[in-house]
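# Breakdown of the fold
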Amino acid sequence: MSKLERNWQYAEQYPGETEALVRARRLSLELGVEPVSRSVGAHLSAVAALSRAQAICEIGTGVGVSGLSLLRYVDDATLTSIEIEPEHLREAKTMFAEAGIPGSRLRLIEGDARHVVPRLNTSAYDLVLLDANPLELLDHFEHALGIVRPGGSIIVTNAFSHGRVPEPAARDTATQNMRDLLALVSESAAIAPVLSPAGDGVLTLVRLDD
């Protein structure tokens, strides 16, 4: 194992999790839903806390691991979370309730985010998480830009597409979508991007003031 691999492994094992997060992670794995890794969850928690996010939106609820991470240190924030799988959304509601998060802080929406997000208020969110179907990534990103406020952040998980993005021979649609997004934001004067190797890669974008 190389030094870089040891560093990555240490960083993955470092973050602690609440009992609610542990339960949600265990349930995710039982249902075959890939949750964000511990280090990515910690990244979400930190960005939400650093930005003092009040209004958060996530595309891809899963069973609540990412949502619980986003709300971990921001006691007065509200979360709008969109999930296309009804079973996952039902389980997420249970996970949030068991974590003691009141329903007044949650807006859980079942549906296709490509149809839901355009109906949300423009520039209304401090933080938007994209953790959904990579085949729809570019559509989700375009819509996320419309609802995040100037100075707000968009976070994209699985930015390495399971390690395929750095491999020139990988040409599948999901990988190419991620490469296209990385190229787009690196050239934009309206976005400040940072790519982290946490988990399967985390792309954090700040929408600069208009």
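One can find the structure itself at the top, above this paragraph.
Please read these numbers as outputs of a predicted model, since none were measured by experiment.

It is worth spelling out the overall build of the protein at this point. Counting its secondary structure elements, the protein contains eight helices and seven strands. The globule rule puts the C-alpha radius of gyration for 210 residues at 17 Å, and the 16 Å found for the protein is close to it. The burial tally for the protein puts 49% of its 210 residues in the buried class. Intrachain contacts of the protein at a sequence separation of at least 6 include 66% that bridge at least 24 residues. Accessible area of the protein: about 10500 Å², with a carbon and sulfur share of 53%. Across the protein, the 19 positively charged side chains and the 28 negatively charged ones have centroids separated by 4 Å.

The next point concerns the layout of surface pockets. Gaps left between atoms show up when a probe the size of a water molecule is rolled over them. There is about 820 Å³ of room inside the largest pocket. Lining the largest pocket are 42 residues; nearest its centre among them are Asp131, Ala132, Asn133, Pro134 and Asn158. The residue makeup of the lining of the largest pocket, split by class, is 17 nonpolar, 17 polar and eight charged.

In this structure, Ile56 and Leu127 are the most contacted members of the largest nonpolar core, which totals 29 residues. Breaking this core down by element, the ones donating at least two residues are helix H2 (19-31), helix H3 (38-50), helix H4 (65-71), helix H5 (86-98) and strand E4 (125-130). For Ile56, the residues in contact, after removing those within four places along its chain, are Ala48, Leu70, Leu71, Val74, Ala77, Thr78, Leu79, Thr80, Tyr125 and Leu127. Core analysis: the next-biggest nonpolar cluster, separate from the first, contains 28 residues, Leu120, Ile147, Val156 and Leu205 among them.

A word on the pairing of strand E5 (residues 148-156). Judged from the five bridges that link them, E4 and E5 form a sheet pairing that is parallel. When the sheet's bridge partners are listed, Leu129 is paired in E5 with Ile155. For the crossover that starts at E4, traverses helix H7 (residues 137-147) and ends in the parallel E5, the hand is right-handed. Strand direction decides the pairing type here: E5 and strand E7 (residues 202-207), joined by four bridges, are antiparallel. Bridging across to E7, Ser153 finds its partner in Val206.

Taken as a whole and judged by the stated rule, the model has one cavity of 30 Å³ or more. Considering only enclosed or pocket space, the largest cavity measures out at about 30 Å³ in volume. Every residue along the wall of the largest cavity is listed here: Phe141, Leu145, Val148, Gly152, Ser153, Ile154, Ile191, Leu205, Val206 and Arg207. At the level of secondary structure, the elements contributing two or more residues to the lining of the largest cavity comprise H7, E5 and E7. For the lining of the largest cavity, the leading source of residues is E5, giving four residues. Taken together, the residues of the lining of the largest cavity break down into seven nonpolar, two polar and one charged.

Before going further, it helps to spend a moment on the sheet that holds strand E6 (residues 191-196). The seven strands lie next to each other as E3-E2-E1-E4-E5-E7-E6, forming an open sheet whose pairing is mixed. Of all the strands in the sheet, the pair left with one neighbour each is strand E3 (106-110) and E6. Direction aside, neighbouring strands of the sheet carry axes that sit 15° apart on average. Where strand E2 (residues 78-83) meets E3, five bridges bridge the pair, whose relative direction is parallel. Bridge assignment links Leu79 to a residue of E3, and that residue is Leu106.

Parameters and conventions
- Going along each chain's sequence as written, the residues are numbered from 1 onward.
- Residue-level local features of this predicted model are given only where pLDDT is at least 70; pairs of side-chain atoms are given and counted only at 80 or more, and the full residue set underlies all totals for whole chains, interfaces and linings.
- The side-chain values count all of the structure's non-hydrogen atoms but skip hydrogen atoms and water molecules.
- Numbering of helices and strands runs from the N terminus, with a helix taken as a DSSP run of H or I at least four residues long and a strand as a DSSP run of E at least two residues long.
- Atoms counted for the radius of gyration: C-alpha only. Globule rule: 2.2 Å times the number of residues to the power 0.38.
- Relative accessibility under 20% of the residue-type maximum defines a buried residue, over 50% an exposed one, and the middle range a partly exposed one, all with a 1.4 Å probe and only protein chains included.
- Two residues qualify as a contact provided that any one of their heavy atoms is within 4.5 Å of a heavy atom in the partner residue.
- Residue-level accessible areas treat just the shown protein chains as cover; the underlying method is Shrake-Rupley with a 1.4 Å probe.
- Positive residues here are Lys and Arg, negative ones are Asp and Glu, while His and the chain termini are left out of the count.
- Positions of charges follow a simple convention, taking NZ of Lys, CZ of Arg, CG of Asp or CD of Glu.
- A pocket here means an open set of points on a 1 Å grid, computed over the protein atoms alone, that has protein on both sides within 12 Å along at least five of seven lines. A cavity is instead a set of points where a 1.4 Å probe fits but cannot get out; residues with an atom within 4 Å of a point line either one.
- Grid points are joined across faces, edges and corners, and a volume is the space filled by probe spheres set on the points.
- Note that Gly is not counted as nonpolar here; it falls among the polar residues with everything else outside the nonpolar set of Ala, Val, Leu, Ile, Met, Phe, Trp, Tyr, Cys and Pro and the charged set of Asp, Glu, Lys and Arg.
- In this description, a nonpolar core means a group of buried Ala, Val, Leu, Ile, Met, Phe, Trp, Tyr and Cys residues linked to one another through side-chain atoms lying within 4.5 Å.
- Strand pairing is assigned whenever DSSP identifies at least 2 bridges connecting the two strands.
- Looking down the strands as they point away from the viewer, one classifies a crossover as right-handed if the path from the first strand across the helix to the second runs clockwise.
- Convention adopted: a line fitted to C-alpha atoms gives each axis, helices being fitted over their contacting stretch, and angles between N-to-C directions are expressed from 0 to 180 degrees.

None of the figures reported here should be taken as evidence of function without further support.
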